[in-house]
Amino acid sequence: MDKMKFENHYMKQFDEELEEIRTRLMEMGGKVEQQLQNAVRAVIEADSQLAEDVIKEEQLVDNMEVDIDEACILIIARRQPAASDLRLVMMVTKAVNDLERIGDEAKKIANHAVILASEDGTSKGYTEVRHLGQSVVTMLGNALDAFARFDVDAAMRTIEEDNQIDLDYKTALRELVTYMMEDPRSIGRVLNVLWVVRSLERIGDHAKNLCEQIVFVVKGKDIRHQ
Amino acid sequence: MNEANLATPAAAANAEKVEAKIEVKLDAKQNLEVADDQVTVGQCFTDAPKMTMRNVNVFYDDKQAIHNVSIDIAQNEVIAMIGPSGCGKSTFLRSLNRMNDTVESCRVEGEICMDGEDLYAPKLDVVELRARVGMVFQKPNPFPKSIYDNVAYGPKIHGLADTRVDLDEIVENSLRRASLWDEVKERLHQSGTGLSGGQQQRLCIARAIAVSPEVILMDEPCSALDPIATAKIEELIEELSENFTIAIVTHSMQQAARVSHRTAYFHLGRLIEVNPTEQVFTMPEHELTEAYITGRFG
């Protein structure tokens, strides 16, 4: 539906600069999505090598954040963007922040994956991780798709998904507490799983922020905290 | 849009409005021309207007420069008029104190009132009108006289000062309000044309406010000035708005964004949109406004 076009400026260079921050944000989104997928897989498959890769590559995501932020500051300084252009630039500076935080959470998940893989024990809680992990990966993917197409409807639908994720998170917490009560020896291990689940829930919140910013870019309407 | 996400019915109604607006925009995108029955969008009218303009048309011979413009200017408001070259914003501004009277071929139709008084009434004294509605031009144009005489000229011919002391006071006050006093108090009797461009422009503003106008019209007052002089004038506009009503035509959109309360966008002689300035520069209502302020004309 709403197709935003950031082109046809009197200054062609300006078109290119806006297109570039958009493209680079999408690249960063893709990278973060992959980090998240790998981190969740590393937990479930006890793949410590994959987890190490995620931890190493977090630096890449950090660098992307700094680069994109710099490009945005340059655009503001050079072009004094207004209206939809201004909203896009502001959105991108906020979105890179959310993406970077998602990258951080993925790294935390990977850290826990290394610990979980290094010790034997129960795989209790993995079902919860797999289930919530799938939902969160899908939600992040939907958010990035909505951004690529500036699709407000898709963004609003994706925001809804966060409610389900919050519910699933609470259910998972209850399950994990039950495991710990049933078998106190598993507490240390299940706590690690609990942190993973917690990170996944946080990622859902960041994906929701992304969607709210998409609505802001297209409609100029701030729907946060409503 | 998914209604479930919107907490209140009011929010939902709002969202629908936004929805409708976007669709209009998409239609307009096909075509940057203006329809003949173009209606101004936004907030053209105010509760306590200083000046009211209704269905104003301005012609140069057969050519129509302003089409059916209706707008209010509120008391103590700073209103900015923006738009591409030739859009009619200066023509409209000049019709507010009948500067267009001096142009032979120019004809103004419609209603232009200040405090309810028709400014185009045949009996109206135009010289007195221009004291009540002062004007500052693009290029600083001090008289080739001393700084003192530049400011004193208006009060003298309008009989605003009975004594030399009164006149001295008006001159000092006006120069102070124009933030020029400290720079020129030692050389009041040197020529006004010897000042820098920025100082000359502030001298012209002092000259305009010396006759205690109610409204000040500014036609690109900073376009011949450097950034520092521009900043001084902008700061001055802010201060002056406490006592005067100001309408400013500017080519600098950042300037409009900085100094004005409302912004009016003109396009091909039509008033397209009037809205609070912060809205115009973040979420303009009309597609044409958006295209202009984001630099998509060409």
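Preceding block: the structure.
Residues numbered from 1 in each chain as written. Chains lettered and ligands numbered in written order. Predicted model: local features only at pLDDT ≥ 70, side-chain atom pairs only at ≥ 80, totals over all residues. Heavy atoms only, no water.

Novice: So what exactly am I meant to see when it comes to the sheet that holds strand β2 (residues 49-60) of chain B here?
Specialist: All names here are of chain B. Strands sit in the order β3-β2-β5-β6 across an open sheet of four strands; the sheet is antiparallel. Both edges of this open sheet fall to β3 (63-74) and β6 (117-118), since each of them pairs with a single strand only. One ladder, built from eight bridges, connects β2 with strand β5 (residues 106-114); its direction is antiparallel. Opposite Phe59, over in β5, you have Arg107 as the bridge partner. (Pairing = 2+ DSSP bridges. Helix = DSSP H or I, 4+ residues; strand = E, 2+ residues; numbered from the N terminus.)

Novice: Which parts of the structure should I look at to understand the side chain of Asn100 of chain B?
Specialist: All names here are of chain B. By the element assignment, Asn100 lies in the loop between α2 (89-95) and β5. At 3.2 Å, the side chain of Asn100 forms a polar contact with the backbone oxygen of Thr91. Once you skip the residues sitting within four places of it in the chain, Asn100 turns out to touch Val58, Tyr60, Thr91, Arg94, Ser95 and Cys106. (Polar contact = N/O pair within 3.5 Å; in protein donor to acceptor, adjacent residues only side chain to side chain. Contact = heavy atoms within 4.5 Å.)

Novice: Just checking my understanding: could you explain the packing of helix α1 (residues 12-44) of chain A against helix α4 (residues 126-149) of chain A for this structure?
Specialist: A pair of packed helices can be characterised by two numbers: the angle between their axes and the separation between those axes. Residue and element names in this part refer to chain A. Between α1 and α4, the shortest axis-to-axis distance is 10 Å and the interhelical angle comes to 170°. Of the possible angle classes, the one that applies to α1 and α4 is roughly antiparallel. Along the contact surface, α1 presents Arg22, Leu25, Met26, Gly29, Gly30, Val32, Glu33, Leu36, Gln37, Val40, Val43 and Ile44, while α4 presents Tyr126, Val129, Arg130, Gly133, Val136, Val137, Leu140, Gly141, Leu144, Phe147 and Ala148. (Axes fitted to C-alpha atoms, helices over the stretch in contact; angles between N-to-C directions. Parallel < 35°, antiparallel > 145°, perpendicular 65-115°, else oblique.)

Novice: I tried to follow a nonpolar patch on the surface on my own but got confused; where do I start?
Specialist: A cluster of nonpolar side chains, contributed by Ile187, Leu191 and Trp195 of chain A, occupies part of the molecular surface with about 270 Å² of accessible area. Tracing the chain through its elements places Ile187 of chain A in helix α6 (residues 187-219). (Patch = residues over 30% accessible without salt bridge, like charges linked within 9 Å, V, L, I, M, F, W, Y side chains within 5 Å. Areas by Shrake-Rupley, 256 points an atom, 1.4 Å probe, with all protein chains shown as cover. Salt bridge = Lys/Arg side-chain N within 4 Å of Asp/Glu carboxyl O.)

Novice: Sorry if this is basic, but what is going on with helix α2 (residues 48-79) of chain A here?
Specialist: One full turn of an α-helix is made of 3.6 residues, so residues set three or four places apart face in the same direction. All names here are of chain A. If you check α2, its first and last C-alpha atoms are 47 Å apart, about what 32 residues at 1.5 Å a residue would give, namely 46 Å. A maximum bend of about 30° is found in α2 at Lys56. Of all the positions in α2, only Leu50, Ala51, Val54, Glu58, Val61, Asp62, Glu65, Ile68, Ala71, Cys72, Ile75 and Arg79 are classed as buried. Where the residues of α2 are buried, they touch α1 and α3 (83-118). For α2, the N-terminal capping position is held by Asp47, with its side-chain oxygen 3.2 Å away from the main-chain nitrogen of Gln49. Following α2 by one or two positions, Gln80 adopts a phi angle in the positive range, close to 40°. (Expected span 1.5 Å × (residues − 1). Bend = angle between axes of the 7 residues up to and from the residue. Buried < 20%, exposed > 50% of the residue type's maximum accessible area, 1.4 Å probe, protein only.)

Novice: Looking at this model, I keep getting lost on the nonpolar core. Mind explaining?
Specialist: Side chains of a nonpolar character, in soluble globular proteins, are inclined to be buried together. In this structure, Ile21, Leu36, Val92, Val129 and Leu200 of chain A are the most contacted members of the largest nonpolar core, which totals 72 residues. Ranked by the residues each element gives to this core, the list is headed by α6 of chain A, at 14 residues. In this structure, Leu36 of chain A is in contact with Ala106, Ile109, Val136, Val137, Leu140, Leu200 and Ile203 of chain A, ignoring residues within four places of it in sequence. One finds Leu188, Ala210, Ala229 and Phe297 of chain B within the second-largest nonpolar core, a separate group that totals 50 residues. (Core = buried A, V, L, I, M, F, W, Y, C linked by side-chain atoms within 4.5 Å.)

Novice: Please explain the state of the cysteines as it appears in this structure.
Specialist: Covalent bonding between the sulfur atoms of two cysteines defines a disulfide. All names here are of chain B. Under the criterion given, the structure shown has zero disulfides over all chains. Unpaired in this structure, Cys44 has its nearest cysteine sulfur neighbour in Cys87, at a distance of 15 Å. Of all cysteine sulfurs in the structure, the one in Cys222 sits closest to Cys204, which takes part in no disulfide; the separation is 12 Å. (Disulfide = S-S within 2.5 Å.)

Novice: Just to check I follow, could you spell out the sheet that holds strand β7 (residues 133-136) of chain B for this structure?
Specialist: Whenever strands of a sheet pair, they do so through backbone hydrogen bonds, lying parallel or antiparallel. Residues and elements named next belong to chain B. Read across the sheet, seven strands follow the order β1-β11-β10-β4-β9-β8-β7 without closing on themselves; strand pairing throughout is mixed. In this open sheet, the two edge strands, each paired with only one partner strand, are β1 (41-42) and β7. Bridge analysis of β7 against strand β8 (residues 215-219) gives four bridges, and the strand direction is parallel. Bridge pairing in β8 links Gly134 to Ile216. Packed onto the sheet, helix α7 (residues 197-210) meets β7 and β8 and runs at close to 170° relative to β7.

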